[in-house]
Amino acid sequence: MTIPGQVKQRKVKSFEELADDYDIICNCTGIGAFGLSDNTMIPVRGQVIRVKFPGVKMFYIDQTDGDWYILPGVNSVLLGGTHDENDWTMETCEKTHDMILDRCSKIIPSLKYAEIMGDWVGLRPGRSSGVRLEVERLQVTPNKTTYIVHNYGHGGSGFTLQWGCAEDACALVKDCIQSMKLKAKI
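Reference entry: report on the structure contained in this document. (Residues numbered from 1 in each chain as written. Predicted model: local features only at pLDDT ≥ 70, side-chain atom pairs only at ≥ 80, totals over all residues. Heavy atoms only, no water.)

Re the sheet that holds strand β9 (residues 144-152)
Within a sheet, adjacent strands bond to each other through the backbone by hydrogen bonds, running parallel or antiparallel. With mixed pairing, the three strands of this open sheet are ordered in space as β1-β9-β8. Each end of this open sheet is capped by a strand with a single partner; those strands are β1 (24-27) and β8 (132-141). Put simply, the sheet's adjacent strands are angled 20 degrees from each other on average, direction ignored. Looking at chain direction, β8 and β9 are connected through nine bridges and run antiparallel. Of the residues in β9, the one forming a bridge with L133 is N151. (Pairing = 2+ DSSP bridges. Helix = DSSP H or I, 4+ residues; strand = E, 2+ residues; numbered from the N terminus. Axes fitted to C-alpha atoms, helices over the stretch in contact; angles between N-to-C directions.)

In structure tokens form, the structure reads like this:
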């Protein structure tokens, strides 16, 4: 089955750069929306530790004092984490590493002896008003409208929300296509 359309990856400074060439643009830029379409975006820095520890079989999440979790995978366990708003720092922090390991070891004491595979830092795309999932109409010329389907700002919940938001974004794209067909018939 062949699906029509194009996926292109390139740096753009504004959607106006693309509007002449495309009828529909899907904006799933995450933290990249900052400066492009939404200056309310904020980075939410997260640091995690991956360990080799086959004994963990259950997920643990504790949000009573921060955002602590133990997430077992097939060959490793993810320990986390931090939720640092407005922090663009991409380097790992030893103090944060110790804090995560200490907190998770209070839940499962033997974790303090686990083999450390590595620490990682990522920036979650935060947005004070929540997820942006909507259509914007960009009037390029009196006879040309480009539709921009925005789908970003999921914060630390992107993995959890991805399927539902993707379905909703696809429905918005279908609505845009339908709208273009109706206009073409008038």
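Quick word on the side chain of K144
Along the chain, K144 turns up in strand β9. Assessed through its relative accessible area of 18%, K144 is described here as buried. Of note is the side chain of K144, whose polar atom sits 2.9 Å from the backbone oxygen of Y22. With residues near it in sequence (within four places) discarded, K144 still touches A19, D20, Y22, D23, L138 and Q139. (Buried < 20%, exposed > 50% of the residue type's maximum accessible area, 1.4 Å probe, protein only. Polar contact = N/O pair within 3.5 Å; in protein donor to acceptor, adjacent residues only side chain to side chain. Contact = heavy atoms within 4.5 Å.)

A short note on the environment of N86
As for its placement among the helices and strands, N86 is situated in the loop between β6 (84-85) and α2 (94-107). With relative accessibility at 53%, the residue N86 sits in the exposed group. Put simply, N86 and V173 are 87 residues apart on the chain and 32 Å apart in space, counted from C-alpha to C-alpha. In this structure, N86 is in contact with I42 and P43, ignoring residues within four places of it in sequence.

Examining the packing of aromatic side chains
By the definition in use, this model includes one aromatic pair. Taking the ring centre of W120 as reference, the NZ or CZ of R50 above it sits at 6.0 Å. (Phe/Tyr/Trp six-rings, centres within 6.5 Å; stacked < 30°, edge-to-face > 60°. Lys NZ or Arg CZ within 6 Å of the ring centre and 35° of its normal.)

What to know about the layout of surface pockets
Space inside the largest pocket adds up to approximately 1,000 Å³. Along the walls of the largest pocket sit 23 residues, with Q6, V7, K8, I25 and C26 positioned nearest its centre. Ranked by residues supplied to the lining of the largest pocket, first place goes to β1 with four residues. Among the residues making up the lining of the largest pocket, the classes are represented as 13 nonpolar, five polar and five charged. What lines the second largest pocket is a set of 19 residues, and nearest its centre among them are D67, Y69, R124, G156 and S157. Considering each element in turn, the lining of the second largest pocket owes the most residues, four residues, to strand β7 (residues 115-127). (1 Å grid on protein atoms, 1.4 Å probe; cavity = no way out; pocket = protein on both sides within 12 Å on 5 of 7 lines; lining within 4 Å. Points joined across faces, edges and corners; volume = space filled by probe spheres on them. Nonpolar A, V, L, I, M, F, W, Y, C, P; charged D, E, K, R; others polar.)

Concerning the side chain of H97
Inspection of the secondary structure puts H97 in helix α2. Setting aside chain neighbours within four positions, we find H97 in contact with Q47, I49, I116 and D119.

Considering α2
Compared with an ideal rise of 1.5 Å per residue, which puts 14 residues at 20 Å, α2 spans 20 Å between its outermost C-alpha atoms and is within 8% of the ideal. Within α2, the full set of buried residues consists of T96, H97, I100, L101, R103, C104 and S105. Buried-residue contacts for α2 involve β2 (41-52), β3 (60-62), β4 (68-72), β5 (77-80) and β7. (Expected span 1.5 Å × (residues − 1).)

A closer look at the pattern of salt bridges
As enumerated under the stated definition, the model contains seven salt bridges in all. The partner of D84 in a salt bridge is R45, with the nearest N and O atoms 3.5 Å apart. Of the two residues, D84 sits in strand β6 while R45 sits in strand β2, which places them 39 residues apart along the sequence. Its relative accessible area of 3% is what places R45 among the buried residues. R103 is the partner of D62 in a salt bridge, and the nearest nitrogen-oxygen pair spans 2.8 Å. (Salt bridge = Lys/Arg side-chain N within 4 Å of Asp/Glu carboxyl O.)

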